[in-house]
Amino acid sequence: RSYYGGNWASFSFSGLLSWIMEYQENSDIVNESPAWQEQILLNEEAIALSKLDKTIQHVEVFCYASQDMHEGVEEAGALQKNHSPMTSANSTEAANSARLPTEDESLSTVSGEVLTEQTPGSDLEVNDVEVTRVKEKGCDKTCMLSTSEEGTSENVPVVEDIAKQPKKNRITYSQIVKEGRKFNIDLVSKLLYSRGLLIDLLIKSNVSHYAEFKNITRILAFREGRVEQVPCSRADVFNSKQLTMVEKRMLMKFLTFCMEYEKHPDEYKAYEDITFSEYLKTQKLTPNLQHFVLHSIAMTSKTTSSTIDGLKATRKFLHCLGRYGNTPFLFPLYGQGELPQCFCRMCAVFGGIYCLRHSVQCLVVDKESRKCKAIIDQFGQRIISKHFLVEDSYFSENTCSHVQYRQISRAVLITDRSVLQADSDQQISILTVPAEEPGTSAVRVIELCSSTMTCMKGTYLVHLTCTSSKTAREDLEPVVQKLFIPYTEMEMENEVEKPRLLWALYFNMRDSSDISRNSYNDLPSNVYVCSGPDCGLGNDNAVKQAETIFQQICPNEDFCPPPPNPEDIVLDGDSLQPGTSESSVVPEANSETPKESANLWKPEEHSE
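Figured I'd write up the structure that's included with this text. (Residues numbered from 1 in each chain as written. Predicted model: local features only at pLDDT ≥ 70, side-chain atom pairs only at ≥ 80, totals over all residues. Heavy atoms only, no water.)

Across its full length, the chain holds 19 helices and 20 strands. Buried residues in the chain amount to 51% of all 608 residues. Counting only contacts in the chain whose residues sit at least 6 apart along the sequence, the fraction spanning at least 24 positions is 73%. About 29,100 Å² of surface is accessible on the chain, with carbon and sulfur atoms providing 50% of the total. (Helix = DSSP H or I, 4+ residues; strand = E, 2+ residues; numbered from the N terminus. Buried < 20%, exposed > 50% of the residue type's maximum accessible area, 1.4 Å probe, protein only. Contact = heavy atoms within 4.5 Å. Areas by Shrake-Rupley, 256 points an atom, 1.4 Å probe, with all protein chains shown as cover.)

Let us now look at the packing of aromatic side chains. Pairs of aromatic rings are described using the distance from one ring centre to the other and the angle between the two planes. What the rule picks out here adds up to 17 aromatic pairs. For the ring pair Phe317 and Phe329, a centre distance of 6.1 Å and an interplane angle of 75° mean the geometry is edge-to-face. With a gap of 12 residues between them, Phe317 in helix H13 (residues 307-320) and Phe329 in strand E9 (residues 329-332) connect regions that are remote in the sequence. Comparing Phe317 with Phe329 shows no difference in burial state: the two are buried. A network of ring pairs unites the aromatic residues Tyr3, Phe11, Trp19, Tyr23 and Phe507 as a single cluster. Directly above the ring of Tyr193 sits Lys316, whose terminal nitrogen or CZ lies 4.1 Å from the centroid. One residue, Arg510, lies across the ring of Tyr405, its end atom 4.0 Å from the ring centre. (Phe/Tyr/Trp six-rings, centres within 6.5 Å; stacked < 30°, edge-to-face > 60°. Lys NZ or Arg CZ within 6 Å of the ring centre and 35° of its normal.)

Attention shifts here to the pairing of strand E15 (residues 429-433). In summary, the side chains of a regular strand alternate between the two faces of the sheet. Counting buried residues along E15, 5 of its 5 residues qualify, which places the element largely inside the surrounding structure. Here E15 shows two buried faces, one formed by Ser429, Leu431 and Val433 and the other by Ile430 and Thr432. Bridge count for strand E7 (residues 218-223) against E15 is 4 bridges, and the pairing is parallel. Bridged to Ile219 within E15 is Ile430. Relative to strand E16 (residues 443-448), E15 runs antiparallel, the two sharing 5 bridges. Across the sheet, Leu431 pairs through a bridge with Val445, a residue of E16. (Pairing = 2+ DSSP bridges.)

Okay, helix H1 (residues 13-24) next. With 12 residues, H1 should reach 16 Å at 1.5 Å per residue; the first-to-last C-alpha distance of 17 Å fits that figure. Within H1, 11 of the 12 residues are buried, leaving the element largely enclosed by the surrounding structure. By the burial criterion, the buried members of H1 are Phe13, Ser14, Gly15, Leu16, Leu17, Ser18, Trp19, Ile20, Met21, Tyr23 and Gln24. (Expected span 1.5 Å × (residues − 1).)

This next bit is on the sheet that holds strand E5 (residues 192-193). On the basis of which strands lie adjacent, the open sheet formed by 3 strands has the order E5-E9-E6 and antiparallel pairing. Each edge of the open sheet is held by one strand with a lone partner, namely E5 and strand E6 (213-215). Relative to E9, E6 is paired through 3 bridges, and the arrangement is antiparallel. Among the inter-strand pairings, Lys214 is bridged to a residue of E9, identified as Phe331.

Whenever strands of a sheet pair, they do so through backbone hydrogen bonds, lying parallel or antiparallel. Spatially, the 4 strands line up as an open sheet ordered E2-E10-E11-E12, and their pairing is antiparallel. For this open sheet the edge positions go to strand E2 (44-48) and strand E12 (382-384), each flanked by a neighbour on one side alone. For this sheet the average axis-to-axis angle between neighbouring strands, irrespective of direction, equals 30°. Sheet topology places strand E11 (residues 372-377) next to E12; 3 bridges connect them, and they run antiparallel. Residue pairing across strands places Ile375 opposite Ile383, the latter belonging to E12. (Axes fitted to C-alpha atoms, helices over the stretch in contact; angles between N-to-C directions.)

This model, assessed by the stated rule, comprises 27 salt bridges. Between Arg315 and Glu262 there is a salt bridge, with the nearest N and O atoms lying 3.1 Å from each other. You can see Arg315 sitting in helix H13 and its partner Glu262 sitting in the loop between helix H10 (245-259) and helix H11 (276-282), a full 53 residues away along the chain. Taking relative accessible area as the criterion, Arg315 reaches 26% and is therefore assigned partly exposed. Two residues, Arg345 and Glu338, come together in a salt bridge whose shortest N-O distance is 3.3 Å. The class of Glu338 is buried, set by a relative accessible area of 0%. A cluster of three or more residues bridged by salt bridges with shared partners is formed by Glu44, Asp366, Lys373 and Arg382. (Salt bridge = Lys/Arg side-chain N within 4 Å of Asp/Glu carboxyl O.)

Counting residues in hydrophobic clusters, the biggest one holds 100 residues, and the most contacted among them are Phe13, Trp19, Phe254, Leu464 and Trp503. For this core, the leading source of residues is strand E19 (residues 500-511), giving 8 residues. Setting aside anything within four residues of it in sequence, one finds Phe13 in contact with Tyr173, Ile176, Val177, Gly180, Phe183, Ile185, Ile414 and Trp503. If you look at the next biggest cluster of nonpolar residues, it comprises 18 residues, including Leu202, Ile203, Ala211 and Val349. (Core = buried A, V, L, I, M, F, W, Y, C linked by side-chain atoms within 4.5 Å.)

Turning next to unusual backbone geometry. Positive phi, close to 65°, is recorded for Asn206, a residue that is not glycine. In this structure, Asn206 sits in the loop between helix H8 (197-205) and E6. On the basis of relative accessible area, Asn206 is assigned to the partly exposed category, the value being 24%. One non-glycine residue, Tyr334, lies in the positive phi region at around 75°. When you line up the elements, Tyr334 lands in the loop between E9 and helix H14 (338-349).

Running from N to C, helix H12 (residues 287-297) and H13 cross one another at 75°; their axes reach a closest spacing of 10 Å. As summarised for this structure, H12 and H13 are arranged roughly perpendicular, according to the angle between their axes. Here Val293, Ser296 and Ile297 of H12 come into contact with H13, specifically with Ala313, Thr314 and Phe317. Residues of the contact of H12 with H13, tallied by class, amount to 4 nonpolar, 2 polar and no charged. (Parallel < 35°, antiparallel > 145°, perpendicular 65-115°, else oblique. Nonpolar A, V, L, I, M, F, W, Y, C, P; charged D, E, K, R; others polar.)

Below, the discussion takes up the environment of Cys258. Turning to its location among the elements, Cys258 is positioned in helix H10. A relative accessible area of 0% means that Cys258 is categorised as buried. Cys258 sits 60 residues away from Leu318 along the chain, and the two C-alpha atoms are 8.5 Å apart.

In structure tokens form, the structure reads like this:
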């Protein structure tokens with residue numbers, strides 16, 4: 001891969017187009033010559049790794065915004081670079097060729113010629129990631145990059161001038177392409193519980209210094225065809241105009257019980273064998289309150305979640321309220337894909353090495369000990385190690401022949417306004433749309449505004465997620481149709497109630513989070529498997545898995561301890577030489593460690 005984080009990654013708009021092309025063209029990849037087989041000795045055997053990433057399927061893209069692409073429109077601030085031998089076009093060509101089909105045709109119908117032209121965006125993406133991450137972080141490189149970006153953008157024609165748009169607030173596809181670097185689009189959509197395991201880990205390890213966060217401002221509900229705001233804090237409940245005084249008392253009484261439900265077993269023990277939805281009906285809650293609690297507070301399934309599951313989820317929600325704001329959730333600026341890179345930065349400070357665009361052909365296993373002793377890379381180079389950590393997607397079909405995977409349905413939308421208008425247009429919202437048909441799942445909707453640094457001004461980035469029952473488009477398009485209307489020229493003339501849909505991406509992602517290690521065929525004991533993202537809203541599963549694997553490899557070590565101060569680090573065990581200052585002994589550590597800045601968010605000190 002040319003990017004960090006696997007399926008946890010985030011991309012600029014042009015980077016996402018390149019990622020889409022990569023999966024569209026996966027079937028055309030020709031296997032390289034298996035020269036590595038000649039390096040396997042008589043007392044060794046090889047576990048071949050997959051050359052294709054099959055975790056993403058059913059990729060479909062639809063563009064509803066006006067596609068009046070003009071020659072010379074390119075992504076603002078894009079840096080020129082030397083392309084690899086596999087690419088021949090420049091970034092301008094990539095942007096110009098990035099036209100998408102109309103709502104009546106999916107991307108898979110685009111000719112192979114256009115697909116080939118878009119491939120160079122993958123090289124551009126590395127610059128996108130690097131620049132976006134450094135930008136506004138307070139390091140010395142920021143000034144240089146900002147100057148470079150300003151110089152580049154001066155030479156880029158302004159979309160409004162080129163297109164000469166007479167209509168106010170009209171957003172075209174060429175404008176989205178030009179402002180593509182303002183987008184940071186996550187492959188997986190999650191939030192951080194303010195008292196969840198990941199927040200605790202970020203604080204403990206000081207990795208929080210590498211990121212900034214915003215509080216989710218609203219919890220929404222979809223009921224009787226309308227989007228409503230859900231009161232969740234005590235102040236919200238009593239200030240709510242949606243609830244009667246009787247409902248407010250009923251809701252506060254029930255939520256107070258949920259906070260300490262384990263102290264009152266008589267209240268729920270008799271209902272442990274029924275669903276949480278049925279249990280709520282026994283609590284004399286009105287249908288309105290039942291809907292709020294089930295779908296917007298507990299966020300559990302109406303048909304499969306037990307009473308205990310619902311009470312635990314409700315308590316977790318309430319427990320996280322008030323730590324950083326009025327809702328239990330935080331979102332990292334620049335997207336969820338920023339978090340893997342934060343840990344990468346901390347690791348790099350202490351000598352971790354990352355190799356992008358560098359594939360591994362196979363694992364080498366010693367026949368006698370049945371342990372993995374090395375890997376062989378794309379150049380035929382053998383790299384020896386004691387432990388090997390492999391993400392599930394790298395295993396071949398032979399290794400995974402007995403594995404049964406679940407799938408996640410995902411959609412990413414760009415819209416022109418919020419699903420629920422408010423005084424401020426900078427709202428970050430989470431909405432759960434209940435399942436309507438048996439056998440389907442509720443759909444989680446997370447709407448991000450431009451202040452999250454994930455989309456351009458005047459637009460919203462909307463993520464939809466659910467457990468798959470069909471293809472992503474079949475699962476999620478009904479919800480999209482309920483909440484949005486496709487952008488058309490005619491509707492621009494008249495004001496409409498629903499937000500307009502400018503661009504949409506659907507895809508299915510593999511969920512390997514619940515796969516047992518024993519399901520894989522003949523894995524050596526020193527090969528550890530980590531999964532891709534799960535379908536849950538939080539990140540607890542990933543943190544637990546990381547800690548479990550770490551303890552297996554380093555059983556007596558503390559997991560992600562606070563790093564030492566740079567001045568206390570001695571590299572390679574060297575002792576200080578007379579007359580040598582500590583700072584001169586650790587130039588790498590000091591050069592890699594970011595300077596403390598007033599705008600770097602510290603979770604323990606600020607509410608946002």
